[in-house]
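# Close look at the chain arrangement
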Amino acid sequence: MSSNVTWMIHGCTYQTKTDQTDESLLDLTRRNGFPVPGAIPAVCGAAGRCGKCRVRIVEGYCGITAADRKYLSGEELDLGYRLACQARVTGDLTVRIVTEETGQMQVRGWSEESEAQCPSSCVIAVDLGSTTLAAVLAAADGTVLKQRTAVNSQSMYGADVISRIQASVNGCAAELRTCIRSDLRWLWEGLCDSVRDDAKDGSFRITKAAVAANTAMLHMLRGYSCGKLGQAPFEPVNLDVECLDFEEVFGGSKPPVQDLSKPADRLEQTDDGDCPVYLLPGMSAFVGADITAGLYSSGFWQTPEQEVSLFLDLGTNGEMAAGNRNGFVSASTAAGPVFEGGGLSCGMPGVSGAISRVTYLYHRLRIQTIGQKKPLGICGTGALEAVAAMRREGLLDKSGLLAPELFESGLVLAQREDGSDIRLTQGDIRNIQMAKAAIRAGIDTLLLRYQEAMRPQRLKVGRVYLAGGFGYYLSPDTAICMGLFPPEWKDNIIICGNTSLKGALAFLTEEDCAGTLEQIRKKNKEVCLAQDEYFQEAYIRQMEFP
């Protein structure tokens, strides 16, 4: 007997059907290629251990599981909330998807959109992140006309790159590729829709596009085998720049549409599907094209040879480089998904409604959300801000232990519109400690190995380029208080925003960029932190807060 499931999201409804008995709601979305990017995240890979895949049963019945009781309050259960990875389809259902706002936020660290009329020819640059995708549509001179973001819908296969590599190897490669192709088409289509009315005569042409991403994301986009990425000696199929046509990148899958009154194939009808799409070059299995692009666009590559700069892109993986234009060492450390909101009981990506600032004023807790919206959860930056605030307030000791009155319940930061609490728990703090320790130990190890490899006359770090959405809201004071950086770096930190996206746009609009990216690749020496004894020792030391 078949069951019909009606999905409600962003004011639209979608119909799916299953003939399988006892199929989970999450598996149903995977099998049908659910048409909204990042709709149902599954940070733990659908193991029922993260509580992120919340949905609300509006009509029909789904039993309450042990995982539901662990991650959802009694009030939430009474309102029909369930975990999609645990909820079984045994009859007809109407399900509301609980999502964060995507597609409308400004790309962090980017200049405002131009008010200029759209020219007849444009380019599109994309940063394909593990958690968040960002894209801009720009004029040929690099002037940004429109920008758009989305949550990476591969999150239903796990929050981090390693989980997705494992999913790919275990038979989900085609599904992962479909996810990211659909996400990219959704971004592309939204950008084109947003400027079509501004274009002269109502028409315009995309002449070329570029995508920067880590090596695993580009492998999944291309359909390459990830088998050797997840095990030593970690050999990528390809790291060189690729120039492909539109269909090779986006495939023939149906683009997810926001306005169902428009034909689903309007993208092919109105946009130039033959424009070249460039995939930028990477440096290794774990230091990818997003870092090559970031080293170019941040200014790191302009560091004189007598000075030393540090570049950090903090996300699910913490990629870093130390050196100058004469040569540098790079590394990647598995910080986990905390910096992008994963691994936190009330975590979410850094989109509108995420708590991004936490302070105490006269012993009273104060918060600030992205976009000044009602709080929906807490992003990675907000979590670090909260920890630093609790340290200053005396509610958290240097070992990471909460004050007795907070140990069981955690710190309540705010309430959502439905009345449920947004908390930071003892378990959250442990995850933050591990992420912080991985980054700081990585920095210390990288600087030591740079000194050994390059033998500079002096090793004083000048500029510290902090890239990525996480760093955009992170204050230097918080970074120092957490022990993420040493105190002497406080005045040297440069917040760069999305350097991967900026590098992708530079590739399209700056004549010497492509050649410089190749020079950057040749000057790199990779450090494998996982096999470095000093890193292991430093990691244990850095678990404590200053």
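For the structure itself, consult the block above.
For clarity, every value in this text was computed on a predicted model and none was experimentally measured.

Next up on the list: the pattern of salt bridges. Taken as a whole and assessed by the stated rule, the structure comprises 14 salt bridges. Where R423 meets D421, a salt bridge forms, and the shortest distance between an N and an O atom there is 2.9 Å. Several salt bridges converge on common partners, so that one network encompasses D240, E518 and R521.

This part covers empty space enclosed by the protein. Enumeration over the complete set of coordinates arrives at four cavities of 30 Å³ or more. Here the largest cavity is characterised by a volume of approximately 500 Å³. Looking at the largest cavity, it is lined by 35 residues, and the ones nearest its centre are D127, T132, E340, G468 and G469. For the lining of the largest cavity, the secondary-structure elements that each account for two or more residues are β8 (121-128), β9 (132-139), β14 (308-314), α9 (380-393), α12 (469-472) and α14 (499-509). Classifying every residue of the lining of the largest cavity by side-chain character gives 11 nonpolar, 18 polar and six charged. Of the voids in this model, the second largest cavity is the one considered here, and its volume is about 110 Å³. Lining the second largest cavity are 14 residues; nearest its centre among them are L218, N238, L239, D240 and L280. A per-element tally of the lining of the second largest cavity places helix α5 (residues 215-222) first, with four residues. Taken together, the residues that form the lining of the second largest cavity break down as seven nonpolar, four polar and three charged.

For the rest of this paragraph, the subject is the packing of helix α11 (residues 426-454) against helix α16 (residues 533-541). Put simply, α11 and α16 touch, their axes get as near as 8 Å, and they point 140 degrees apart. Regarding the angle of α11 to α16, the classification is oblique. Seen from above, α11 lies across α16 with right-handed handedness. Of α16, the residues touching α11 (which contributes M434, A437, A438, A441, G442, D444, T445, L448 and R449) are Y534, F535, A538 and Y539. Looking at side-chain class alone, the contact of α11 with α16 contains nine nonpolar, two polar and two charged residues.

So, on to the pairing of strand β22 (residues 461-467). Among the seven residues of β22, five are classified as buried, and the element is accordingly described as predominantly covered. One ladder, built from five bridges, connects β14 with β22; its direction is parallel. Among the inter-strand pairings, F311 is bridged to a residue of β22, identified as Y465. As judged from the four bridges shared by β22 and strand β23 (residues 493-497), these two strands associate in the parallel manner. Note on β23: the bridge partner recorded for Y465 is I494.

Strand order in the open sheet made by the six strands is β23-β22-β14-β15-β16-β24, with mixed pairing throughout. Each having just a single partner strand, β23 and β24 (524-526) make up the two edges of the open sheet. Neighbouring strand axes in the sheet, compared pairwise and without regard to direction, differ in orientation by 20 degrees on average.

Cut-offs used in this document
Residues numbered from 1 in each chain as written. Predicted model: local features only at pLDDT ≥ 70, side-chain atom pairs only at ≥ 80, totals over all residues. Heavy atoms only, no water. Salt bridge = Lys/Arg side-chain N within 4 Å of Asp/Glu carboxyl O. 1 Å grid on protein atoms, 1.4 Å probe; cavity = no way out; pocket = protein on both sides within 12 Å on 5 of 7 lines; lining within 4 Å. Points joined across faces, edges and corners; volume = space filled by probe spheres on them. Helix = DSSP H or I, 4+ residues; strand = E, 2+ residues; numbered from the N terminus. Nonpolar A, V, L, I, M, F, W, Y, C, P; charged D, E, K, R; others polar. Axes fitted to C-alpha atoms, helices over the stretch in contact; angles between N-to-C directions. Parallel < 35°, antiparallel > 145°, perpendicular 65-115°, else oblique. Left-handed = near helix turned anticlockwise from the far one by under 90°. Contact = heavy atoms within 4.5 Å. Buried < 20%, exposed > 50% of the residue type's maximum accessible area, 1.4 Å probe, protein only. Pairing = 2+ DSSP bridges.

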